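What follows is each chain in one-letter form.
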Amino acid sequence: MHVRTNDLVAVMAGNEAGKTGKIIKILPDAKRVILKGVNLVYKHTKPSQKNPQGGRIQKEASIAIANVLPVCQNKNCKKFERGVRVRKKVLENGDKIRACVYCSSEIMSAE
Ligand SMILES: [Zn+2]
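Novice: Is there a simple way to explain the coordination of the zinc ion in this structure?
Specialist: Ideal geometry at a metal centre: 109.5 degrees between donors when four sit tetrahedrally, and 90 or 180 degrees when six sit octahedrally. At this site the zinc ion is bound by Cys72 (SG), Cys77 (SG), Cys100 (SG) and Cys103 (SG), with donor distances of 2.3 Å. Viewed at the metal, the four donor atoms of the zinc ion are separated by angles of 104 to 116°, and the geometry they form is tetrahedral. Mapped onto the sequence, the residues coordinating the zinc ion show the spacing C-x4-C-x22-C-x2-C. With cysteine 77 in the loop between strand S7 (68-70) and strand S8 (86-90) and cysteine 100 in strand S9 (residues 96-100), this residue pair connects regions lying 23 residues apart in the sequence. Relative accessible area serves as the criterion here: at 0%, cysteine 100 is assigned to the buried category.

Now the structure itself:
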């Protein structure tokens, strides 16, 4: 898996291409992810205790994990704030990190 929960990712293909969002959930079996504020759909709900009115609520729908790439957040990178491919990098202390293929800086998860 090239992305993790809380990663900031860019959508590279599909209906939502060009948008960025934070991963709020990964669905590994379906190979899909849910991004905050991306691919919003209306869900029609019956009245319930939580939502006594029922009606339409807006909710994020999943998108294919293959269509997203982590965003490089290094200001000096030529791909700053755009989706980048990552490679594994092993630090001197043995830690493995994900690094941007363009600038080698670490790909950090959003808070
Ligand atoms: Zn970069």
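Novice: Where do I start with the environment of alanine 30 in this structure?
Specialist: In this fold, alanine 30 is placed in the loop between strand S2 (20-27) and strand S3 (32-35). Sequence spacing of alanine 30 and alanine 110 is 80 residues, and the spatial spacing of their C-alpha atoms is 23 Å.

Novice: In this structure, what is going on with the nonpolar core? I would like to understand it.
Specialist: Considering soluble globular proteins, one finds that nonpolar side chains tend to be buried as a cluster. Counting eleven residues, the largest nonpolar core consists of Val3, Val9, Val11, Ile23, Ile26, Val33, Leu35, Val38, Ile63, Ile65 and Val68. If you look at the next biggest cluster of nonpolar residues, it comprises five residues, including Cys72, Val84, Cys100 and Ile107.

The rules behind the values
- Residues numbered from 1 in each chain as written.
- Predicted model: local features only at pLDDT ≥ 70, side-chain atom pairs only at ≥ 80, totals over all residues.
- Heavy atoms only, no water.
- Donors = N, O, S within 2.8 Å, 3.2 Å for Na, K, Ca; no water.
- Tetrahedral: all angles 85-135°; square planar, octahedral: opposite > 155°, others 65-115°.
- Helix = DSSP H or I, 4+ residues; strand = E, 2+ residues; numbered from the N terminus.
- Buried < 20%, exposed > 50% of the residue type's maximum accessible area, 1.4 Å probe, protein only.
- Core = buried A, V, L, I, M, F, W, Y, C linked by side-chain atoms within 4.5 Å.

Bear in mind that shape data such as this cannot, by itself, settle questions of function.
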